[in-house]
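Each chain, letter by letter, is given below.
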Amino acid sequence: MFLKWKSLSLAGFLITLAMACFSGSSPNQQLPFYQSVYSIDDILQSDFAGLRPVFDHPSDTTYILNFWATWCRPCVEELPYFESLYDELQGKSVRILLVSLDFPDQASEKLPAFIRRHQVKNQVWYLNDPHPDHWINEINDAWSGSIPATLIWKGEQKAFREGAFTDLQELRSFIQPYI
Amino acid sequence: MKQVLSLAIVMLTGLGIFIQSRSAADPGGHSPSVYQLGEQVADFDLPGVDGSTHSLADLYGSGAKGIIVIFTCNTCPVSQRNEERIIELHEKMVNQGYPVLAINANDPGKSPGDNMEAMIQRAENKDYPFLYVQDKSQETARAFGAAHTPQVFLLDGDRRLRYTGAIDDNPYNAGAVNQRYVEEAVERLKVGGTPDPAKTKSVGCSIKYRS
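Attention in this report is confined to the structure presented alongside it. What you are looking at is a predicted structure, and each value in this text was computed from that prediction instead of being measured. (Residues numbered from 1 in each chain as written. Chains lettered and ligands numbered in written order. Predicted model: local features only at pLDDT ≥ 70, side-chain atom pairs only at ≥ 80, totals over all residues. Heavy atoms only, no water.)

**Brief notes about the overall build of chain A**
Turning to step 1, where the next piece is worked out: In terms of regular secondary structure, chain A is built from six helices and eight strands.
Turning to step 2, where the next piece is worked out: Put simply, chain A runs from its N terminus to its C terminus through helices and strands in the order α-β-β-α-β-α-β-α-β-α-β-β-β-α. (Helix = DSSP H or I, 4+ residues; strand = E, 2+ residues; numbered from the N terminus.)

In structure tokens, the structure reads:
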């Protein structure tokens, strides 16, 4: 019961975060979303300042952030492995975020269409921040900026991977020490 | 014995310096020994879409004061969004002695759209004013530690690496660029200065290395 409550509350964390930062205007209006997070079609959107609290959030939860884009073939190819994790890790204190680096002019149609077509279960977060040099090192110093890239952490322990996972087993081995 | 010892110390010190100079950050994570800022790069001879092979020496021989090496390709959507910018960069800089040398290092086996035939086609369609060469062996890309496309490596007149990273600060939207990193770096080199920033990062497609 406790576990169930906990996972529910964790599931609600991002929504709460979004609601807390949500300025109250309709998503159809011109939104000053910098430094805030809002949701359209179940996709959370923000600039890097909006994503940063996820990194700072102290907890015993494992976070898995996969950086991808619909235009990135190797990213799309490995997405099903992360979707498998969604099912496998149900009930565990794990948050998976698929952080999309799609082009701004494709984020409002191509990205949600992709998510609907593939029935993506993991939470998608559209990182709309035009200046990558300002945030790539904050995510990880070792990251060149190529995608896909995956970051996992739990408390102080973290691991980073640049490049696609070749199969689900390889992704499982990567996350295993943090689950 | 003393001589042997001091020789050993000299050798070990030399080895230490060598290791230190080659072990800094590797942007691609593909090789433990990639060129570092300030390091002189080895020349290479690569076939271009014009049917000739091209080396750095050829470019310097024809008057280049520096070379803007850009790893790019046909197929990466980020490269495609930067294509016009690369053309403009070359046209602006070539008369000042800093031509662009575009290198496609993607394995045509993994990415058929990047084979030489497709490269020739693209260069013709887009009327590339710069040299577009293929690094089929991927040795040059590995030596540079090139990780993704597009990615810039600016060389000075002495074949030394002086700037690495992004073309500018907005890879997705040419109309909203605030800072033109490469142009600024070239301006610094022209007056004998050091580019600042000398290293930036940007988002792009991973170079398709053969496994």
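From this point, the discussion proceeds with the structure in view.
**A closer look at the pairing of strand β5 (residues 131-134) of chain B**
All names here are of chain B.
Turning to step 1, where the next piece is worked out: Sheet analysis places strand β4 (residues 100-104) next to β5, joined by four bridges and oriented parallel. Considered in β5, the bridge of Ile103 is made with Val133.
Turning to step 2, where the next piece is worked out: Assessed by its sense of winding, the connection that carries the chain from β4 through helix α4 (residues 116-125) to β5 is right-handed. (Pairing = 2+ DSSP bridges. Right-handed = clockwise from strand over helix to strand, strands pointing away.)

**As for the packing of aromatic side chains**
Turning to step 1, where the next piece is worked out: For the structure on display, the rule yields 19 aromatic pairs over all chains.
Turning to step 2, where the next piece is worked out: Aromatic pair Phe82 of chain A and Phe165 of chain A: ring centres 6.1 Å apart, planes at 65°, arrangement edge-to-face. Pair noted here: Phe82 of chain A is in helix α3 (residues 73-88) and Phe165 of chain A is in the loop between β8 (157-162) and α6 (168-175), with a separation of 83 residues, a long-range link.
Turning to step 3, where the next piece is worked out: Phe82 of chain A sits in the buried class, given a relative accessible area of 0%.
Turning to step 4, where the next piece is worked out: Members of the aromatic cluster, each reached through a chain of ring pairs, are Phe48, Phe55, Tyr63, Phe67, Trp135, Trp143, Trp153 and Phe160 of chain A.
Turning to step 5, where the next piece is worked out: The lysine or arginine in question, Arg161 of chain A, covers the ring of Phe165 of chain A, its NZ or CZ lying 4.4 Å from the ring centre.
Turning to step 6, where the next piece is worked out: Between the NZ or CZ atom of Arg81 of chain B and the centre of the ring of Phe103 of chain A, over which it lies, the distance is 3.7 Å. (Phe/Tyr/Trp six-rings, centres within 6.5 Å; stacked < 30°, edge-to-face > 60°. Buried < 20%, exposed > 50% of the residue type's maximum accessible area, 1.4 Å probe, protein only. Lys NZ or Arg CZ within 6 Å of the ring centre and 35° of its normal.)

**Structural notes on the interface of chain B and chain A**
Turning to step 1, where the next piece is worked out: Between chain B and chain A, the contact holds 22 residues from the first and 26 residues from the second.
Turning to step 2, where the next piece is worked out: Both sides of the chain B and chain A interface together cover about 1,800 Å² of buried area, and 54% of this is carbon and sulfur.
Turning to step 3, where the next piece is worked out: When residues of chain B are sorted by the area they lose upon contact with chain A, Arg81, Tyr172 and Lys201 of chain B head the list and together hold 36% of the total.
Turning to step 4, where the next piece is worked out: Across the chain B-chain A interface, the total number found is one salt bridge.
Turning to step 5, where the next piece is worked out: Asp105 of chain A serves as the salt-bridge partner of Arg81 of chain B, at 2.8 Å between the closest nitrogen and oxygen.
Turning to step 6, where the next piece is worked out: Elements supplying a minimum of two residues to the side of chain B that touches chain A: α3 (77-93) and β9 (204-206) of chain B.
Turning to step 7, where the next piece is worked out: Looking at chain direction, strand β6 (residues 146-147) of chain A and β9 of chain B are connected through two bridges and run parallel. Across the sheet, Ser146 of chain A pairs through a bridge with Gly204 of chain B, a residue of β9 of chain B. (Contact = heavy atoms within 4.5 Å. Buried area = accessible area lost by both parts, 1.4 Å probe. Salt bridge = Lys/Arg side-chain N within 4 Å of Asp/Glu carboxyl O.)

Without other data, these values stay purely geometric and don't point to any function.
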